[in-house]
Amino acid sequence: MAYFKIDAKCGHVGKSNYIVKSFYIECNSKKEAASIVRQLPRVKHHHKDAIINVAKISEDDFNKGRLENSNDPYFQATSSSEQRLTCTISLDEIIKESENTKKKKKKAYQKRAILEKDLIKVMSNEIKNIKE
């Protein structure tokens, strides 16, 4: 078994924002460590780039990191509302998500407008074909 420090994007800090937190995992490979952390609570596991860095560390660093995380108020809060009440995150830690990683969803009325335009085109072509 080896020890790994994984830096990951974590959430509950506002829409399109994240903070970077370190997780300490004992496992066999970097890939396994990354997949374990990706599924942990608070990690933005739906992001492709949720895992920022994976590094092999010594047992001493592993134990120190685990101790730091156990004292970190961010990891002690059991819900996002409790996290907001205890003000565990400084504004310096919050990072804005870049524009190219955001998914832009078309709203229902935009989809409907596109469908209506397509329908009008098809209907006008059909009318032209009938007249000819």
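So, here's what we can say about the structure. All chains use their own residue numbering, which begins from 1 and follows the written sequence. In keeping with the predicted nature of the model, local features appear solely for residues at pLDDT of at least 70, side-chain atom pairs appear and are counted solely at 80 or more, and the whole-chain, interface and lining totals rest on all residues. To obtain the side-chain values, all non-hydrogen atoms of the structure were included, while hydrogens and water were left out.

Some remarks on the nonpolar core
Think of a nonpolar core as a cluster: buried Ala, Val, Leu, Ile, Met, Phe, Trp, Tyr and Cys residues, connected wherever their side-chain atoms sit within 4.5 Å. Only protein chains enter the calculation, and the probe is 1.4 Å; a residue is then buried if its accessible area is under 20% of its type maximum, exposed if over 50%, and partly exposed in between. Core analysis: the largest hydrophobic core is formed by 18 residues, its most contacted members being Phe4, Ile6, Val37 and Val43. Only β1 (2-10), β2 (17-27) and α1 (30-38) provide two or more residues apiece to this core. Strands here mean DSSP runs of E at least two residues long; helices mean DSSP runs of H or I at least four residues long; both are numbered from the N terminus. If you tally residues by element for this core, the top one is β1, at five residues.

Examining a negative patch on the surface
Patch definition: residues above 30% relative accessible area lacking any salt bridge, with like charges linked at up to 9 Å and the nonpolar side chains Val, Leu, Ile, Met, Phe, Trp and Tyr linked at up to 5 Å. The protein chains shown are the only cover counted for residues, whose accessible areas, like all others here, come from Shrake-Rupley with a 1.4 Å probe. Just to be clear on terms, a salt bridge is a Lys or Arg side-chain nitrogen sitting within 4 Å of an Asp or Glu carboxyl oxygen. All tallies of charge rest on Lys and Arg as positive and Asp and Glu as negative; His and the ends of each chain are not included. By convention, the point assigned to a charge is CZ for Arg, NZ for Lys, CD for Glu and CG for Asp. Judged by side-chain charge, Glu26, Glu59, Asp60 and Asp61 come together as a negatively charged surface patch. By the element assignment, Glu59 lies in helix α2 (residues 59-71).

Focus on the packing of aromatic side chains
Only Phe, Tyr and Trp rings take part, Trp by its six-membered ring, and two of them pair if their centres are within 6.5 Å. Stacked means planes under 30 degrees apart, edge-to-face means over 60, and tilted covers everything else. The tally for this structure, following the rule as stated, stands at three aromatic pairs. With centroids separated by 4.6 Å and ring planes inclined at 40°, the aromatic side chains of Tyr3 and Phe62 adopt a geometry described as tilted. Of this pair, Tyr3 sits in strand β1 while Phe62 sits in helix α2, and the two are 59 residues apart along the sequence. Both residues of the pair, Tyr3 and Phe62, belong to the buried class. Taking 5.4 Å as the distance between ring centres and 80° as the angle between the ring planes, the aromatic pair formed by Tyr74 and Phe75 counts as edge-to-face. Looking at Phe75, the relative accessible area reads 23%, which means it is partly exposed. Cluster of aromatic residues (ring-pair linked, three or more members): Phe23, Tyr74 and Phe75. Above the ring of Tyr74, the side-chain terminus of Arg42 is found at 4.7 Å from the ring centroid. Throughout this description, the term charge over a ring refers to an Arg CZ or Lys NZ atom that lies within 6 Å of the ring centre and within 35 degrees of the ring normal.

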